[in-house]
Amino acid sequence: MALLSEEMKKMIDQQLPFLATTGGDGSPQVGPKGSTRVYDDEHLIYYEHTFKQAYANLQQNGYAAIAVVDSNVEKGFRFEGTAVIHEDDDFATDILDKTSIFDRFPRAAVVLISIDRIYKLDNTLEAGDRIA
């Protein structure tokens, strides 16, 4: 497991993260996930409510990457790992009951991503370097 630093946690909280997944045929899927949050030092979560392509990809292979960048300082991170979808279980209920997600959507799940690797997304020669 890779550990999130305070700088990484702050960036996830203050910027718009994007989720990347891949389909069974290798086709990429990328989209914003504004509900992305730090769960603990080794995990990220987001609330799934569309149940479309990213959801299908994660069901199929579980591989996920979250990228977040602060464009003002041209610095960011990519977090890669394995996702587990929680729907209608105690974990999902505990988290989603503290939100207002069901005011807008009839169905929701929690996706928990275990962070295995972290890479720099800086505008430097170190861009793409693995840091954890």
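Right above here is the structure, for reference.
The paragraphs below set out a description of the structure included in this document. All values derive from a computational prediction rather than experimental measurement.

## Some points on the pairing of strand β5 (residues 63-70)
Argument step 1. Where strand β1 (residues 18-22) and β5 come together, three bridges link them in antiparallel fashion. Paired with L19 across the bridge in β5 is I66.
Argument step 2. As judged from the eight bridges shared by β5 and strand β6 (residues 75-86), these two strands associate in the antiparallel manner. Across the sheet, D70 pairs through a bridge with K75, a residue of β6.
Argument step 3. Linkage of β5 to β6, two consecutive antiparallel strands, is achieved through a turn of four residues, within which E74 is found at a positive phi near 50 degrees.

## Describing a nonpolar patch on the surface
Argument step 1. Nonpolar side chains collect at one region of the surface, where L16, F18 and V30 lie side by side and expose about 280 Å² of accessible area between them.
Argument step 2. Topologically, F18 is positioned in strand β1.
Argument step 3. Given a relative accessible area of 35%, F18 falls into the partly exposed group.

## Here's the deal with the nonpolar core
Argument step 1. By size, the foremost hydrophobic cluster in this structure holds 20 residues, and its most contacted members are L4, L19, L44, F79, I113, I115 and I118.
Argument step 2. Taken together, the elements giving at least two residues each to this core come down to α1 (6-14), β4 (43-48), α2 (53-61), β5, β6 and β7 (109-120).
Argument step 3. It is β7 that contributes the most residues to this core, four residues altogether.
Argument step 4. Those residues in contact with L19 that sit more than four places away from it in its chain are Q29, V30, G31, K33, Y46, A54, A64, A65, I66 and I113.

Each value, and the rule that gives it
Residue indices begin from 1 for each chain and proceed along its sequence in written order. Since the coordinates come from a predicted model, pLDDT governs what is reported: local features require at least 70, and pairs of side-chain atoms require 80 or more to be given and counted, while whole-chain, interface and lining totals use all residues. Here the side-chain values reflect all heavy atoms present in the structure, with hydrogen atoms and water set aside. Strand pairing requires that DSSP identify at least two bridges connecting the strands. Numbering goes from the N terminus for both helices and strands, where a helix is a DSSP run of H or I of at least four residues and a strand is a run of E of at least two. Patches here: salt-bridge-free residues with over 30% relative accessible area, like charges joined within 9 Å, nonpolar side chains (Val, Leu, Ile, Met, Phe, Trp, Tyr) joined within 5 Å. For the accessible areas, the method is Shrake-Rupley and the probe is 1.4 Å, while residue cover comes only from the protein chains on display. Any Lys or Arg side-chain nitrogen found within 4 Å of a carboxyl oxygen on Asp or Glu counts as a salt bridge. A simple rule labels every residue: compare its accessible area, found with a 1.4 Å probe on the protein chains alone, to the largest value its type can have, and call it buried under 20%, exposed over 50%, or partly exposed in between. We define a nonpolar core as any set of buried Ala, Val, Leu, Ile, Met, Phe, Trp, Tyr and Cys residues linked to one another through side-chain atoms lying within 4.5 Å. By definition in these notes, contact holds between two residues if any of their heavy atoms fall within 4.5 Å.

Remember, this is a structural readout, not a statement about activity or role.
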